[in-house]
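One letter stands for each residue in the lines below.
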Amino acid sequence: FFFSSRRRHTRFLPVSWARRCVQETAYMKLLKGTKPRGGSLSFLQPGDKITVQDISVEDVGKLESIRAIMQFRVNVLAHSSTMKLQQNMSKYGNNFDAWNASLQYYFKPLGLAYGDCYCAGEFERVINSTQDPSLKAIFIQMLQLWAFEIIEKDQHVFSQMNFLKEIHFKVIREKIQELCYSLSREAYKILDIIAIPDEILGAPIGLSNGEMYKNFMNVVRQAPGCYERPSWWKELKGLQ
């Protein structure tokens, strides 16, 4: 029942992700030295200790470094969440209360961290399959900016075990400023590429010409019976 997807609040996607991370971590803790059972969690580390990869300041923006950083966060949160669940099981004595007590500050961040890690892996896959050099450079910058924002906001996790130091965060903050300026020149082109076509969007306030009020009034004026009296006008007249 504890790991069942039938439980209503576990259908929230990040919580389902967290449940899977905890399952794999608990599986490896029970069978010490056992490796993960594959899939998108194959990077989870067995045992009670997490092996820390040394990432230099110069390499912090490389694709393999971003992957390692995202995976480190999942490992740290998966181990801490599993330990917290064990503590709450001893404290509350049942699965339901132990899960709920661990949900907000342990499993939810874990699920979101796994989602970020998975997205980073998919983004890296798209980058590696991109043939155009200029487009590939823009994609790399987009991934770096997205990842650096996550790292900067979650420093307390990434600084554990001395994985990233203050010098890393200082460089990352500077990189964020540089990437924002660099991508601002490409933002319109990027949005124009990924934007939903007007014909499919069909929303007058979201058309690409930016004339929200004009578009909205055009739709109103083109509506059947726009300039005719409504059928209930006599009722309003009687209220005078």
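Up top is the structure these notes are about.
The residue numbers shown here count from 1 along each chain, following its written sequence. In keeping with the predicted nature of the model, local features appear solely for residues at pLDDT of at least 70, side-chain atom pairs appear and are counted solely at 80 or more, and the whole-chain, interface and lining totals rest on all residues. Excluded from the side-chain calculation are hydrogens and water; included are all heavy atoms of the structure.

J.: Would you explain the overall build of the chain in this entry?
T.: Helical segments are the DSSP runs of H or I of at least four residues, strand segments are the runs of E of at least two, and each set is numbered from the N terminus. A count of helices and strands for the chain gives ten helices and zero strands. Each residue's exposure class comes from its accessible area (1.4 Å probe, protein chains only) as a fraction of the maximum for that residue type: buried when under 20%, exposed when over 50%, partly exposed otherwise. Split into buried and exposed, the 240 residues of the chain put 33% on the buried side. Counting only contacts in the chain whose residues sit at least 6 apart along the sequence, the fraction spanning at least 24 positions is 58%. Residue exposure ignores everything except the shown protein chains as possible cover, and the areas themselves are Shrake-Rupley values with a 1.4 Å probe. Just so you have it, the chain exposes about 15,500 Å², and 56% of that area is on carbon and sulfur atoms. Residue contacts are counted whenever heavy atoms from the two residues lie within 4.5 Å of one another.

J.: Would you explain helix H2 (residues 63-92) in this entry?
T.: Given 3.6 residues per turn, any residue in an α-helix points the same way as the ones three and four places further on. The span expected for a helix works out to 1.5 Å for each residue beyond the first. With 30 residues, H2 extends 43 Å from end C-alpha to end C-alpha; this agrees with the ideal 44 Å at 1.5 Å per step. A positive phi of about 80° marks Gly93, the residue just after H2.

J.: Looking at this structure, how should I read the pattern of salt bridges?
T.: As a working rule, side chains carrying opposite charge can pair if their charged atoms are close by. Here a salt bridge means any side-chain nitrogen of Lys or Arg lying within 4 Å of a carboxyl oxygen belonging to Asp or Glu. The full count for this structure, using the stated rule, is eight salt bridges. A salt bridge links Asp59 to Lys62; the nearest nitrogen and oxygen atoms lie 3.2 Å apart. In this structure, a network of salt bridges that share partners links the residues Arg73, Asp116 and Asp154.

J.: How should the packing of aromatic side chains be read in this particular structure?
T.: A ring pair, where both rings are aromatic, is described by two values, the distance of the centres and the angle of the planes. The aromatic pairing rule takes the rings of Phe, Tyr and Trp, using the six-membered ring of Trp, and pairs them if the centres are within 6.5 Å, calling planes under 30 degrees apart stacked, those over 60 edge-to-face and the rest tilted. Per the stated rule, a full pass over the model turns up four aromatic pairs. Ring plane angle 35° and centroid distance 6.5 Å describe the contact between Tyr114 and Tyr118, whose orientation is recorded as tilted. With Tyr114 and Tyr118 both in helix H3 (residues 95-129) and four residues apart, this pair spans about one turn of that helix. A relative accessible area of 45% places Tyr118 in the partly exposed class. Taking the centre distance of 6.4 Å and the plane angle of 70° together, the rings of Phe123 and Phe139 count as edge-to-face. Residue Phe123 is found in helix H3, and its partner Phe139 is found in helix H4 (residues 133-153); the two are separated by 16 residues along the sequence.

J.: Can you help me understand the nonpolar core in this one?
T.: Here is a general trend for soluble globular proteins: nonpolar side chains tend to be buried in one another's company. By size, the foremost hydrophobic cluster in this structure holds 46 residues, and its most contacted members are Ile69, Val74 and Ile151. Counting residues per element, the ones that place at least two in this core are helix H1 (13-30), H2, H3, H4, helix H5 (155-158) and helix H6 (166-184). At eleven residues, H2 tops the list of elements feeding residues into this core. With sequence-adjacent residues up to four places away left out, Ile69 is seen in contact with Ile55, Val60, Ile151, Phe158, Phe163 and Leu164. Residues belong to a common nonpolar core when they are buried Ala, Val, Leu, Ile, Met, Phe, Trp, Tyr or Cys residues joined through side-chain atoms within 4.5 Å.

J.: Quick question: what am I supposed to make of unusual backbone geometry here?
T.: Peptide bonds are mostly trans, and most non-glycine residues show a negative phi. Of note in this structure, Met161 is not a glycine but carries a positive phi near 55°. Positionally, Met161 belongs in the loop between H5 and H6. One non-glycine residue, Asn162, lies in positive phi territory at about 60°. As for its placement among the helices and strands, Asn162 is situated in the loop between H5 and H6.

J.: Could you clarify how one ought to interpret the packing of H3 against H4 in this entry?
T.: Helix-helix packing is described using two parameters, namely the angle between the two axes and the distance between the axes. For helices, the fitted axis covers only the stretch in contact; all axes are lines through C-alpha atoms, and the angles between them, taken along N-to-C directions, range from 0 to 180 degrees. The geometry of H3 relative to H4 is characterised by a closest axis approach of 10 Å and an angle of 165° between their N-to-C directions. When the axes of H3 and H4 are compared, the pair comes out roughly antiparallel. Where H3 crosses over H4, the handedness of that crossing is left-handed. When H3 is examined against H4, the residues Asp116, Cys119, Ala120, Phe123, Val126, Ile127 and Asn128 are found in contact with a partner set consisting of Lys136, Phe139, Ile140, Met142, Leu143, Trp146 and Ile150. Of the residues in the contact of H3 with H4, the class split is eleven nonpolar, one polar and two charged. Under this scheme an angle from 65 to 115 degrees is roughly perpendicular, one under 35 degrees roughly parallel, and one over 145 degrees roughly antiparallel; angles in between are oblique. Each crossing gets its handedness from the near helix: less than a right angle anticlockwise from the far helix is left-handed, clockwise is right-handed. Under this grouping Gly is polar, as are all residues other than the nonpolar Ala, Val, Leu, Ile, Met, Phe, Trp, Tyr, Cys and Pro and the charged Asp, Glu, Lys and Arg.

J.: Honestly, the side chain of Asn215 in this entry has me stumped. Any pointers?
T.: For Asn215, the position within the fold is in helix H9 (residues 212-222). The buried category is assigned to Asn215, whose relative accessible area is 9%. Sequence-distant contacts of Asn215, that is, excluding residues within four places in its chain, are made with Pro204, Leu207 and Asn209.

These values are about where atoms sit, not about what they do.
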